[in-house]
Amino acid sequence: MNFTKMHGLGNSYIYINMFEENIPEEKLAETAIHLADPNRGIGADGMILIMPSSSCAVKMRVFNNDGSEAKNCGNGLRCVAKYSFDKGLVHQSQFSIETLGGPVQATVYPDEQGMVQNVTINMGQPQLKRSQIPMVGTQRHDQVVGEQLDISGEMVEITAVSMGNPHAVQFVESIENAPIMAHGPLLEKHEAFPDWVNVEWVEVVSPSELHFRVWERGTGVTQACGTGACAAVVASVLNGYSEQDVEVTVHLLGGDLTVTWLSEGNVIMTGPAEYICTGAVYTHS
Ligand SMILES: N[C@H](CCC[C@H](N)C(=O)O)C(=O)O
């Protein structure tokens, strides 16, 4: 089976062009685990399928390296957009991409050689209701902003945002001291999140500049999380650290994204998308 490995700020996935390849539905999870395995496969944060769509130009499906499927992936969307334009799956520089979390709008910026370096994705509106995260619990408010959560006897304060996939954002004084390895796994599978959750820590530099780290659901620590960066900016506005219609630079481990939460509702994310390699991989029959 042919593949293309790509990354967005070091968040890498094995991309399969399903216009040319086929993986049976019941084999998708195990194939993602195999391809992402650095010892027995290729090595990446997961697998992303680029598929025909009946409603958009192309469709994206995302699988973490534990085989779980996610409804959205910001770094993946930028790479899907680049691949689709470069390989002629689409012929305009603006087009729609179907995700399990709903359609998004991509804009690619080809350079003089016609190759795409940067991509903007209109991610649509964040979901903020407790039931939309989803999050369970007996709290009164329908939005989860600065809510206390008990993780093995330690209280943390989280703001929950869905970008099609769930995120729990914490604001910390110093990103360097964020307890990522200690708290990440505990929060990822916390009973308050029936579908588990992506966990982010944010240090506010200014209303237009954030430091960001992430423990991803189904993967663990990654270099970058595009939907997480969007969730972090939305949470920063909800907590009064930033404002809508202000372009925020988010410093992730793997590099920077710019994110704006427009007052009309949509979240706009811009950043790079890069090829690593292409090849053929042996898959178990
Ligand atoms: N781990 C995520 C999927 C990948 C999202 C991330 N890599 C991004 O760039 O948004 C989840 O289970 O919701």
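Residues numbered from 1 in each chain as written. Predicted model: local features only at pLDDT ≥ 70, side-chain atom pairs only at ≥ 80, totals over all residues. Heavy atoms only, no water.

Looking at an unreviewed UniProt entry, the protein carries the name Diaminopimelate epimerase, with the source organism given as Shouchella xiaoxiensis. The Catalytic activity (unreviewed entry) field of the UniProt record for the protein holds the comment "(2S,6S)-2,6-diaminopimelate = meso-2,6-diaminopimelate". (UniProt positions renumbered as here; feature names shortened; annotations may be inferred.)

Draft legend 1. Quick peek at the packing of aromatic side chains. What the rule picks out here adds up to 2 aromatic pairs. Ring centres of Y13 and Y15 lie 6.5 Å apart, and the angle between their planes is 80°; on these two criteria the pair is classed as edge-to-face. Between the aromatic rings of F171 and Y241, the centroid separation amounts to 4.8 Å while the plane-to-plane angle is 55°, which identifies the pairing as tilted. Separated by 70 residues along the polypeptide, F171 in strand β11 (residues 166-171) and Y241 in the loop between α4 (226-238) and β15 (248-252) bring together distant segments of the chain. (Phe/Tyr/Trp six-rings, centres within 6.5 Å; stacked < 30°, edge-to-face > 60°. Helix = DSSP H or I, 4+ residues; strand = E, 2+ residues; numbered from the N terminus.)

Draft legend 2. Layout of the side chain of E98. As for its placement among the helices and strands, E98 is situated in strand β6 (residues 94-98). Engagement of the side chain of E98 in a polar contact is seen with the side chain of S53, the distance being 2.5 Å. A polar contact is formed between the side chain of E98 and the side chain of S55, at a distance of 3.3 Å. Every residue in contact with E98, bar those within four places of it in the chain, is listed here: S53, S54, S55, C56, V58, K59, M60 and P103. (Polar contact = N/O pair within 3.5 Å; in protein donor to acceptor, adjacent residues only side chain to side chain. Contact = heavy atoms within 4.5 Å.)

Draft legend 3. Representation of a nonpolar patch on the surface. Together, M181, V221 and L253 make up a nonpolar patch on the protein surface, roughly 290 Å² of accessible area in all. Looking at the element boundaries, M181 is found in helix α3 (residues 180-188). Given the relative accessible area of 59%, M181 is considered exposed. (Patch = residues over 30% accessible without salt bridge, like charges linked within 9 Å, V, L, I, M, F, W, Y side chains within 5 Å. Areas by Shrake-Rupley, 256 points an atom, 1.4 Å probe, with all protein chains shown as cover. Salt bridge = Lys/Arg side-chain N within 4 Å of Asp/Glu carboxyl O. Buried < 20%, exposed > 50% of the residue type's maximum accessible area, 1.4 Å probe, protein only.)

Draft legend 4. Layout of the UniProt feature "active site" (unreviewed entry) in the protein. Per the UniProt record, "active site" (unreviewed entry) is annotated on C73 and C225. Spatially, the listed residues are clustered: although they cover 153 residues, their C-alpha atoms lie within 7.6 Å of one another. Among the structural elements, C73 can be located in the loop between β5 (69-70) and α2 (74-86). C225 has contacts with N75, H167, E200, F212, V214, E216 and L252, leaving out every residue within four places of it along the chain.

Draft legend 5. Just the site of the ligand, in detail. Inspection of the region around the ligand gives 15 residues, with Y13, G74, E216, G226 and T227 positioned closest. Separating an oxygen atom of the ligand from a backbone N or O atom of G226 is a distance of 2.8 Å. For the ligand, the accessible surface in isolation is 370 Å², of which the surrounding protein chains cover 100%. At the level of secondary structure, the elements contributing two or more residues to the shell around the ligand comprise β2 (11-17), α2 and α4. Its residues placed into classes, the shell around the ligand shows 4 nonpolar, 9 polar and 2 charged. (Near = heavy atom within 4 Å. Nonpolar A, V, L, I, M, F, W, Y, C, P; charged D, E, K, R; others polar.)

Draft legend 6. Representation of the domain arrangement of the protein in the model. Partitioning the protein into domains gives domain 1 (2-124 + 272-280) and domain 2 (130-265). Distance from the C-alpha centre of domain 1 to the C-alpha centre of domain 2: 23 Å. Between domain 1 and domain 2, the contact holds 21 residues from the first and 20 residues from the second. Each partner contributes to the roughly 1400 Å² buried at the junction of domain 1 and domain 2, and carbon and sulfur atoms together form 51% of this total. On the domain 1 side of the interface with domain 2, the three residues burying the most area are L9, N72 and M123, jointly 35% of the side's total. The interface formed by domain 1 and domain 2 contains 0 salt bridges. Between the two partners, domain 1 and domain 2, sit 8 residue pairs in polar contact (both at pLDDT 80 or more). (Domains from an automatic or database assignment. Buried area = accessible area lost by both parts, 1.4 Å probe.)

Draft legend 7. Inspection of unusual backbone geometry at higher detail. Look at the link from I133 to P134: it is a cis peptide, with omega at -10°. Mapped onto the elements, P134 comes out in the loop between β8 (116-122) and β9 (147-151). Although it is not a glycine, L9 sits at a positive phi angle of roughly 55°. By the element assignment, L9 lies in the loop between β1 (2-8) and β2. Among the residues examined, L9 registers a relative accessible area of 8% and is labelled buried. One non-glycine residue, D245, lies in the positive phi region at around 65°.

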